[in-house]
Amino acid sequence: ANRPQHAPTTSRRLEQFAEQRAMAGKLQSMPFLTDKNNPIGWMVQGGIEFAADSRRLIQRCTKPDAKEFKKIAVACAIGFAIMGFIGYTVKLVFIPINNIIVGGS
């Protein structure tokens with residue numbers, strides 16, 4: 001009951017381990033898939049590493065609390081405001097310059 005929601009149970013970990021072993025066995029039967037010098041093996045091994053890293057990241061992620069969420073939202077809003085101001089300023093400066101270059105016709 002005190003266990004966090006995202007922590008898998010021991011039986012689920014055993015199932016995942018069995019799935020990984022089964023996949024490893026399938027890959028070992030086709031050596032070109034595990035050879036990183038082979039282009040196909042490079043792609044397959046890259047995909048497997050990416051999947052493992054992604055899975056590890058998702059398992060470590062936690063949902064932000066209200067305070068953290070508000071902090072992130074304020075930071076994003078400030079960033080949007082700054083980028084908007086920069087875009088508006090650039091547009092404001094380049095309209096007269098463009099009119100001078102084009103000839104103002």
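On a predicted model such as this, the values are computed, not experimentally measured, just so you know.

Asker: Got a minute to help me understand the overall build of the chain in this structure?
Answerer: Along the chain, the regular secondary structure elements total three helices and zero strands. The secondary structure elements of the chain, listed N-terminal to C-terminal, are α-α-α. Across the 105 residues of the chain, 5% fall into the buried class. About 9,500 Å² of surface is accessible on the chain, with carbon and sulfur atoms providing 67% of the total.

Asker: In this structure, what is going on with the pattern of salt bridges? I would like to understand it.
Answerer: Side chains that carry opposite charge are capable of pairing whenever their charged atoms lie near each other. Taken as a whole and judged by the stated rule, the model has one salt bridge. Between Arg56 and Asp53 there is a salt bridge, with the nearest N and O atoms lying 3.0 Å from each other. Here the residue Arg56 and the residue Asp53 both occupy positions in helix α2 (residues 39–60), the gap between them amounting to three residues, near one helical turn. When its relative accessible area of 49% is taken as the criterion, Arg56 is described as partly exposed.

What counts, and at which threshold
- Residues numbered from 1 in each chain as written.
- Predicted model: local features only at pLDDT ≥ 70, side-chain atom pairs only at ≥ 80, totals over all residues.
- Heavy atoms only, no water.
- Helix = DSSP H or I, 4+ residues; strand = E, 2+ residues; numbered from the N terminus.
- Buried < 20%, exposed > 50% of the residue type's maximum accessible area, 1.4 Å probe, protein only.
- Areas by Shrake-Rupley, 256 points an atom, 1.4 Å probe, with all protein chains shown as cover.
- Salt bridge = Lys/Arg side-chain N within 4 Å of Asp/Glu carboxyl O.

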